[in-house]
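Structural features, examined
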2 protein chains.
Amino acid sequence: MPRSHGSEIDTLIQLLAKLPGLGPRSARRSALQLLKKRDSVMVPLANALIGVADKIQICDVCSNIDTHNPCHVCEDLRRDRKTVCVVEDVADLWALDRSETYRGLYHILGGTLSALDGIGPDDLNITSLLTRVESDGVEEVILALNATVDGQTTSHYLAERLAVLGVKITALAHGLPVGGELDYLDDGTLAAALRARGAVS
Amino acid sequence: MPRSHGSEIDTLIQLLAKLPGLGPRSARRSALQLLKKRDSVMVPLANALIGVADKIQICDVCSNIDTHNPCHVCEDLRRDRKTVCVVEDVADLWALDRSETYRGLYHILGGTLSALDGIGPDDLNITSLLTRVESDGVEEVILALNATVDGQTTSHYLAERLAVLGVKITALAHGLPVGGELDYLDDGTLAAALRARGAVS
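We now turn to the structure provided with this report. If you're wondering where the values come from, they're calculated on a predicted model, not measured in any experiment. (Residues numbered from 1 in each chain as written. Chains lettered and ligands numbered in written order. Predicted model: local features only at pLDDT ≥ 70, side-chain atom pairs only at ≥ 80, totals over all residues. Heavy atoms only, no water.)

1. Some words on the interface of chain A and chain B
Size of an interface, as often reported, equals the accessible area lost when the parts are brought together. Across the boundary between the two partners, chain A contributes 58 residues, which contact 58 residues of chain B. When the shortest N-O distance is used, the salt bridge between K36(B) and D89(A) registers 2.7 Å. Summed over the shared surface of chain A and chain B, the number is 16 residue pairs in polar contact (both at pLDDT 80 or more). Broken down by secondary-structure element, the contributors of at least two residues to the side of chain A that touches chain B are α1 (7-16), α2 (24-36), α3 (38-55), β2 (65-66), α4 (72-75) and α5 (90-98) of chain A. Here the side of chain A that touches chain B is composed, by residue class, of 31 nonpolar, 11 polar and 16 charged. (Contact = heavy atoms within 4.5 Å. Salt bridge = Lys/Arg side-chain N within 4 Å of Asp/Glu carboxyl O. Polar contact = N/O pair within 3.5 Å; in protein donor to acceptor, adjacent residues only side chain to side chain. Helix = DSSP H or I, 4+ residues; strand = E, 2+ residues; numbered from the N terminus. Nonpolar A, V, L, I, M, F, W, Y, C, P; charged D, E, K, R; others polar.)

2. Overview of the pairing of strand β6 (residues 168-171) of chain A
Both faces of the sheet carry side chains from a regular strand, because those side chains alternate between them. Residues and elements named next belong to chain A. Here strand β5 (residues 140-143) pairs with β6 via 4 bridges, running parallel. Of the residues in β6, the one forming a bridge with L143 is A171. Note that the unit made of β5, helix α7 (residues 149-163) and β6 has a crossover that is right-handed. (Pairing = 2+ DSSP bridges. Right-handed = clockwise from strand over helix to strand, strands pointing away.)

3. Regarding the nonpolar core
If you look at the biggest cluster of nonpolar residues, it comprises 108 residues, and the most contacted ones within it are L16(A) and L16(B). Setting aside residues no more than four positions away along its own chain, L16(A) makes contact with L22(A), A27(A), S30(A), A31(A), L34(A), L19(B) and L45(B). (Core = buried A, V, L, I, M, F, W, Y, C linked by side-chain atoms within 4.5 Å. Buried < 20%, exposed > 50% of the residue type's maximum accessible area, 1.4 Å probe, protein only.)

4. Concerning the relation of the copies chain A and chain B
Take chain A, turn it by 180°, move it 0.0 Å along the axis, and it overlays chain B with an RMSD of 0.0 Å. Given the turn and translation reported, the copies of this chain are related as if by a two-fold rotation axis. Across chain A, the rotation axis passes nearest the C-alpha of A46(A), at a separation of 2.4 Å. With an isologous cut-off of 70% or more, the 100% of interface residues of chain A that recur at the interface of chain B puts this contact in the isologous class. (Least-squares fit on C-alpha atoms with pLDDT ≥ 70 in both.)

5. Describing the sheet that holds strand β3 (residues 80-87) of chain B
Where strands meet in a sheet, backbone hydrogen bonds hold them as pairs that are either parallel or antiparallel. All names here are of chain B. The sheet built from 4 strands is open, its strands ordered β4-β3-β5-β6 with parallel pairing. Because the sheet does not close on itself, it has two edges, and the strands there are β4 (104-108) and β6 (168-171). Strand after strand, the sheet turns through a mean of 25° between neighbouring axes, direction not considered. Sitting on the sheet, helix α7 (residues 149-163) is in contact with β3, β5 (140-143) and β6, with an inclination near 170° to β5. (Axes fitted to C-alpha atoms, helices over the stretch in contact; angles between N-to-C directions.)

6. Considering the environment of A31(A)
Residues and elements named next belong to chain A. Residue position: A31 is located in helix α2. What makes A31 buried here is its relative accessible area of 0%. Spatially, the C-alpha atoms of A31 and L185 are 40 Å apart, while their sequence positions differ by 154 residues. In contact with A31, not counting residues within four places along its chain, are L12, I13 and L16.

7. A few points about the sheet that holds β6(A)
All names here are of chain A. Strand order in the open sheet made by the 4 strands is β4-β3-β5-β6, with parallel pairing throughout. Two strands in the sheet have a free side with no partner beyond their single neighbour: β4 (104-108) and β6. Strand-to-strand, the axes of this sheet are offset by a mean angle of 25°, without reference to chain direction. Contacting β3 (80-87) and β4, α5 runs over the sheet at an angle of about 160° to β4. The sheet contacts of helix α6 (residues 126-135) involve β3, β4 and β5, and relative to β4 the element is tilted by about 155°.

8. Re the side chain of T67(A)
In this fold, T67(A) is placed in the loop between β2 and α4. The exposure class assigned to T67(A) is buried, which follows from its relative accessible area of 6%. Side-chain polar atoms of T67(A) contact the side chain of D66(A), separated by 3.4 Å. Looking at T67(A), its side chain comes within polar contact range of the side chain of E8(B), at 3.2 Å.

9. What about the pairing of β4(B)?
Residue and element names in this part refer to chain B. The element β4 is largely enclosed, with a buried count of 5 among its 5 residues. Pairing of β3 with β4 involves 5 bridges; the strand directions are parallel. Residue pairing for β4: C85 is matched across the bridge by Y106. Following the chain from β3 across helix α5 (residues 90-98) to the adjacent parallel β4, one finds a crossover that is right-handed.

10. A short note on unusual backbone geometry
Residue P70(A) is reached from N69(A) by a cis peptide bond, and omega for that bond is 0°. Tracing the backbone shows P70(A) in the loop between β2 and α4. Despite not being glycine, E100(B) has its phi angle at roughly 55°, a positive value. Inspection of the secondary structure assignment puts E100(B) in the loop between α5 and β4. E100(B) sits in the partly exposed class, given a relative accessible area of 44%.

These results come straight from atomic positions and should not be treated as a statement about function.
Listed below in structure tokens is the structure:
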């Protein structure tokens, strides 16, 4: 195959194509953009990557990925330390924190129980959650797992394990997404929204 | 605003969001992917960026962006050196070269003439093209500019300037895109395809 550019540029394109949301075509466009904006984007991006790569740590408390340990969430003294929200993944923590509704702490499970994938309780950060609830004076655990079969199975399992500790256990509400249209919703969501209906003030 | 991660990660997300095809949401997903795949993606990507950033050069002959000067295209002795394809941008060179149909050299204009944007002949690599055609024994110049108003205006202008040099001047054919459906084509393309119709062998 003839080449219109050096192999280093090929390597760059291949690495960019590994990012979610970038296919081969947009990876090429990105590479070209980087080549054209060497000083304003390419070099700063390289430095940012190196800076972060040097500092990545898993938080010992909640398993968040951050440049600090304990992470920025666990270190933040303005947060309510008596509430812990259990999520599957760091992405879920970021999503919940962006909503700016929740101001407590988090605990990242690192996945869900899955018979199919052979993931049992010992493969998730469950022991550390139980220890945390017992020793840190946690009063409420919010189970914020995905509304998938595996997520809900894991929720039930956690609720059982936590129940013996005498902590308040809650879960995210099911219902109509804000901006959602009834016509496009699946039956399960509609049924859940109906069952959980509330009085209109 | 409360923070769920360090400011270095914020910087990384903001820089990733500058890549074409990545919005704020996919930039966050990309950043998270990088954080999770530190050794397999993040560090290699950082190294690739630095490696390329150190070597980026504009080819003195054709204005291609590459890690060599002259670029890989101009250096490739297997290419037909008597044909030069004029394109607007490096992206066009990459696209044409990927098609593996053309095996000649290129010349990158760096844009098109545009009265609106105040881009005149002196802002484009036109003088270097004329010099190249005169002194390098070029026999055919293929005008492969975009089929936009500015692209076609530039094509006409170049054809006039090149005519006095006695070189063969050709342009890309207009017509039905491969896989295109008549019903979805604009009138201009259909008219061009009809005018340029050929005998079926």
